[in-house]
Amino acid sequence: MSPLTERSVVFVVFDDMKMLDVTGPAEVLAEANTFGAAYALGYASVSGRAVRTSIGTRLPVDTAVAGLGEVDTVVVAGGDDLVRRPVPVELAEAVRAIAPRARRLVSICTGSFVLAAAGLLDGRRATTHWRHGRLLSRAYPDVSVELDALFVEDRGVFTSAGVSAGMDLALALVEQDHGPELARDVARSLVMFMRRPGGQSQFSAPLELRPPRSSVLRGVVDLVAAEPALDHTTTSLAVVAGVSPRHLTRLFAAELGISPARFVEDTRLDRARSLLDAGYTVTAAAGAAGFGSPETMRRRFVARLGASPSQYRARFSAATDRGLDSATGVR
């Protein structure tokens, strides 16, 4: 195939950035070049000097961010420090300055915090790693955070979920630039899904809640967590707590930000996932988690995780459950 119009793609990197946030998308774009695309990949840091990556290696760069001219795509990597402490002012300012000279902006994983700190996500929809979505929403209330999306595009600004979702986003950029046939060739060559099934909720950890301050609410939460299969309703839980259903609903909203019914459903969903992870059948997991029937559980899984219980079990069961030797990986 003859090369298509060259597109410059610059990765903005910094010390302790997540290596796969750069190499994953970069490999997708480089692979696209073998099928006729023409992405020119470059790397820039605020200082113009090499950076230390999350795996300890050093990554050379081509230039300082301030030295960049017009570019097609700017990709901002993520890193663990972006959610542990404030985004460095100089990094946010550098990205804000280059934004008008780029046709599109992209962030990988927690790189969304850099775009948000630069004011580039204000009034836009965005996503990030499932573990940090609520933090992004609290820290930047002008950003509409979509917690389950693998990637989001809003008026030329693209954000992706955690780490490997950056490869999904890069493949979507290839499809946008060069069409589905070339993107499909890349997906097949890299053994990727053209469209990964389900959202990122299926990868998230079990429900993590701070212990409620109210002893009344703490007793209800502990009961549901210990016995999710009981017939919990707002009314029955209010009886246990010794308050009215309306007051219990207010307590849940004030301390946990959800309704009693949603808390019960989330707890049952987490219990079912842990049982499927442990090798339970779909029917057994549905009963033990309190869904009543496998069909009810299937509907909730599809609605919340974008995957059926059987699909979830197939994706997350241990290698030995799939008939592979744990030491060799051979059937």
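The structure reproduced in this document is the subject of the present report. (Residues numbered from 1 in each chain as written. Predicted model: local features only at pLDDT ≥ 70, side-chain atom pairs only at ≥ 80, totals over all residues. Heavy atoms only, no water.)

With that settled, the discussion passes to the packing of aromatic side chains. Using the criterion set out here, one finds four aromatic pairs in the structure. Centroid distance Phe113 to Tyr140: 6.5 Å. Interplanar angle 70°. Geometry classified as edge-to-face. One end of the pair, Phe113, is in helix H3 (residues 111-117); the other, Tyr140, is in the loop between helix H4 (133-139) and strand E9 (144-145), with 27 residues separating them in the sequence. Assessed through its relative accessible area of 3%, Phe113 is described here as buried. (Phe/Tyr/Trp six-rings, centres within 6.5 Å; stacked < 30°, edge-to-face > 60°. Helix = DSSP H or I, 4+ residues; strand = E, 2+ residues; numbered from the N terminus. Buried < 20%, exposed > 50% of the residue type's maximum accessible area, 1.4 Å probe, protein only.)

For the pair helix H7 (residues 215-226) and helix H9 (residues 245-255), interaxial distance at closest approach is 10 Å and the crossing angle is 90°. One finds that H7 runs roughly perpendicular with respect to H9. The segment H7 lies against H9, with Val216, Leu217, Val220 and Val221 engaging Leu248, Leu251, Phe252 and Glu255. In terms of residue class, the contact of H7 with H9 is made up of seven nonpolar, no polar and one charged. (Axes fitted to C-alpha atoms, helices over the stretch in contact; angles between N-to-C directions. Parallel < 35°, antiparallel > 145°, perpendicular 65-115°, else oblique. Contact = heavy atoms within 4.5 Å. Nonpolar A, V, L, I, M, F, W, Y, C, P; charged D, E, K, R; others polar.)

In summary, the side chains of a regular strand alternate between the two faces of the sheet. A large share of strand E2 (residues 39-45) lies buried, amounting to five of its seven residues. Bridging between strand E1 (residues 7-12) and E2 involves six bridges; their strand directions are parallel. Paired with Val9 across the strands is Leu41, a residue of E2. Once the chain exits E1 it traverses helix H1 (residues 19-33) before rejoining the sheet at E2, and the crossover so formed is right-handed. The pairing of E2 with strand E5 (residues 63-64) spans two bridges and is classified as parallel. Along E5, the bridge assignment pairs Ser45 with Ala64. (Pairing = 2+ DSSP bridges. Right-handed = clockwise from strand over helix to strand, strands pointing away.)

None of the figures reported here should be taken as evidence of function without further support.
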